[in-house]
Amino acid sequence: MADEKTIAKEIDSNINYIKAKLGVGETFDIIFREYKVGRKRAASFSINGMTNDVVLSNVLEELTAYNQEDLTINTLEKLFYSRATHSQAKLLTTMNDAITSLLSGEMLFFVDGAEQVIVLDARAYPARAPAESNIEKVTRGSRDSFVETIVFNTALIRRRLRDPNLRFEIVKVGTRSQCDIAVCYIKDITNTELIATVKDRLNNINIDGIPMAEKAIEEYIVGGSKWNPLPKVRYTERPDVAAVHLLEGHVCIIVDTSPNIMILPTTLWHHVQHVEEFHQNVVIGSYLRLIRLVGVLLSLILPPLWLAFVLSRQLLPESLAFLGPQSPGIIPIGIQFLLAEFGVELVRMATVHVPTAQSTALGFIGAFMLGDIATKVGLFGNETIFYTAVAAVGAFATPSMEFAMAIRLFRVIILILVMLFKIPGLLGGLLAVFLLMLTTKCFNIPYLWPALPFNFSAMKDVLFRLPIPNKILRPAVLKPQDQDRLQSSGEQEDTKKNKGNKNK
């Protein structure tokens, strides 16, 4: 059981406990200072590099500049309520809470004779400024994206949703890491059972640390088989995407040290939509969405379908005789596809790992060596390279890297089944993928909704980019508390009054 040691009256006892617990003197980054507050001793602990020195200097100057006669009784309370001018200050009574605050970047201020400690939040984490997302780029729209600092991310969402019902509830996960995780939702929209389930699963995580941040959290809180490659949550780096999903009734999980925000629950269709569609005309946006859906579908079925027809040429009518390979190559066609898939994955991984300046050259070399040279020497057929390239481009059409990776894995498995069983292998592989999607659920929401179970109005919304004024209802499957996005009569009256007061 955790040690629930309380703050002692004797300041030396507190100092020695923290020094022994954190190894002050062994580790260089714990800063310890002693002061005189009136006639009483005081001491502070902070972490080098995680506090704003200018803010702390100003606060400490206020705390220590006190007349001696004013500090004879209730010294700590007088300091806290009269001199601790910093807005983010609190009092703690247990050492566990105090040490957790210290390791989170806050400063501890002890005063001799007090059974409490003043905690000052003057954190200054190493942070980068919000920049454009590398994955979810748009031709028109905001260029800011989430960063690795949790308070910056909550501010980016709050800037877009000035709703008093927007909530960010902090949960600490990891007995050693004590990582801050914010559960984000809109109180009067999101289903209360969903919120309770998410928080309950987070609180039940029993592990020493989560160095892989959001991915480790996903594996703990999302139910179902961990061997299912289908992504059950969506990740985004864009605050506007997170805000849209919050308005629909979703929950967002913000993990400190990660720029990827987890959106849950999700279905298949969340992974094939992109913010670019909503920055274009309704018709153009619908066109882009349909192209993306076709691209993802072709990525899954095109190479296995072509290979199945080639291996079963007797089933082809004369009008489709051209589907056969013109120059089959030295290697069997099925093996060609597997080697081509291996080559594409190898190039993709290499471009991620090399410096940006070399990634373009590496991609060119990979395409030239694996494509052009391999076909010229007769190792691969031209059709193999063509269909593999179409499948690779189709997989990259979705902004969800997790879904794209699942599609590539399914494609390889179906290719192997086609090599072994030809047409029956193709049909069996596609049926297995369909059944997997049919049985997959995320927080009890079917993965194929609104296709199965069928919902006509919601299906229109996922297939086409509908006009924003027509998107009145929130997704019914989320069971939101507020079913539509229209203002109530009372809210409309309040809005009119506020506008009238501003005009006056």
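Chains are numbered independently. Their residues run from 1 in the order of the written sequence. Reporting in this predicted model follows two pLDDT cut-offs: at least 70 for local features of residues, and 80 or more for side-chain atom pairs to be given and counted; totals over whole chains, interfaces and linings ignore these cut-offs and use all residues. The side-chain values count all of the structure's non-hydrogen atoms but skip hydrogen atoms and water molecules.

Chemist: I tried to follow the side chain of S258 on my own but got confused; where do I start?
Modeler: Checked against the element boundaries, S258 lands in the loop between strand 9 (251-255) and strand 10 (261-264). Within the structure, S258 has its side chain in polar contact with the backbone nitrogen of N260 (distance 3.2 Å). Should any heavy atoms of two residues lie within 4.5 Å, those residues are considered in contact. Sequence-distant contacts of S258, that is, excluding residues within four places in its chain, are made with V147, E148, N153, A213 and E214. A run of H or I in DSSP becomes a helix once it reaches four residues, and a run of E becomes a strand once it reaches two; helices and strands are each numbered from the N terminus. In the analysis that follows, any N or O atom pair within 3.5 Å is treated as a polar contact, provided that within protein one partner can donate a hydrogen and the other can accept it, and provided that, for residues neighboring in sequence, both atoms belong to side chains.

Chemist: Looking at this model, I keep getting lost on the nonpolar core. Mind explaining?
Modeler: Nine residue types can take part in a nonpolar core, namely buried Ala, Val, Leu, Ile, Met, Phe, Trp, Tyr and Cys, and a core is a set of them joined through side-chain atoms within 4.5 Å. When a residue's accessible area, from a 1.4 Å probe over protein chains only, is under 20% of the maximum for its type it is buried; when over 50% it is exposed; and in between it is partly exposed. Grouped together as the largest cluster of nonpolar side chains are 30 residues, with contacts concentrated most on L230, L268, W269, F337, F403 and M437. When residues of this core are traced back to their parent elements, those giving at least two are helix 9 (282-311), helix 10 (333-353), helix 13 (401-421), helix 14 (423-439) and helix 15 (456-463). Per-element accounting of this core gives the leading share, 8 residues, to helix 9. Those residues in contact with L230, other than ones at most four positions away along the chain, are F403, A406, F410, L436, M437, T440 and Y447.

Chemist: For this particular structure, what's the right way to read a nonpolar patch on the surface?
Modeler: Patch membership requires over 30% relative accessible area and the absence of a salt bridge. Like charges are linked within 9 Å, and nonpolar side chains (Val, Leu, Ile, Met, Phe, Trp, Tyr) within 5 Å. Computed with a 1.4 Å probe, the accessible areas rest on the Shrake-Rupley method; for each residue, only the protein chains presented here act as cover. The rule for a salt bridge is simple: a side-chain nitrogen of Lys or Arg has to be within 4 Å of a carboxyl oxygen of Asp or Glu. Together, L431, F434, L435, L438 and L452 make up a nonpolar patch on the protein surface, roughly 420 Å² of accessible area in all. Within the secondary structure, L438 is located in helix 14.

Chemist: Explain the pairing of strand 4 (residues 107-111) to me, please; I cannot follow it from the model alone.
Modeler: Taking burial as the measure, the 5 residues of strand 4 include 5 buried ones, the bulk of the element. With burial as the criterion, each face of strand 4 is covered, one bearing M107, F109 and V111 and the other bearing L108 and F110. Between any two strands, pairing holds if DSSP finds at least two bridges. Two elements, strand 2 (residues 40-47) and strand 4, share 4 bridges in a ladder whose sense is antiparallel. Its bridge partner lying in strand 4, A43 is registered against F110. Note: strand 4 against strand 5 (residues 117-120), 3 bridges, orientation antiparallel. Pairing of M107 across the sheet is with L120, part of strand 5.

Chemist: What am I meant to see in the layout of surface pockets here?
Modeler: One simple way to see leftover space: roll a probe sized like a water molecule over the atoms. Using a 1 Å grid laid over the protein atoms alone, points where a 1.4 Å probe fits but cannot get out form a cavity; open sets with protein on both sides within 12 Å along at least 5 of 7 lines form a pocket; any residue with an atom within 4 Å of a point counts as lining. Grid points are joined across faces, edges and corners, and a volume is the space filled by probe spheres set on the points. The space that makes up the largest pocket amounts to roughly 990 Å³. Considering the residues around the largest pocket, the lining is formed by 41 residues, among which E248, D461, K471, P475 and R485 are closest to the centre. Broken down by secondary-structure element, the contributors of at least two residues to the lining of the largest pocket are helix 8 (239-248) and helix 15. A per-element tally of the lining of the largest pocket places helix 8 first, with 6 residues.

Chemist: Where do I start with the sheet that holds strand 9 in this structure?
Modeler: Sheet strands line up and pair through hydrogen bonds in the backbone, either parallel or antiparallel. Here 5 strands make up an open sheet; going across it, the order is 6-7-9-10-8 and the pairing antiparallel. Only two strands of the sheet have a single partner each, and these edge strands are strand 6 (166-173) and strand 8 (234-236). Here the average twist between neighbouring strands, direction ignored, is 25°. As defined by bridge partners, strand 6 adjoins strand 7 (residues 179-186) across 8 bridges and the pair is classed as antiparallel. Bridging from a neighbouring strand, L166 pairs with I186 of strand 7. Axes here refer to lines fitted to C-alpha atoms; in helices the fit is confined to the stretch in contact. Angles between the N-to-C directions go from 0 to 180 degrees.

Chemist: Before we go on, may I ask you to explain the sheet that holds strand 2 in this structure?
Modeler: Within the open sheet, the 5 strands sit side by side as 1-2-4-5-3. Their pairing is antiparallel. Of all strands in the sheet, those bounded by a partner on one side alone are strand 1 (30-37) and strand 3 (89-92). Averaged over all pairs of adjacent strands, the angle between strand axes in this sheet comes to 25°, irrespective of strand direction. Summarising the sheet, strand 3 and strand 5 pair through 4 bridges and their orientation is antiparallel. When the bridges of strand 5 are listed, K90 appears paired with V119. Packed onto the sheet, helix 1 (residues 11-22) meets strand 1, strand 2 and strand 4 and runs at close to 20° relative to strand 2.

Functional significance is not addressed by these values, which are geometric in nature.
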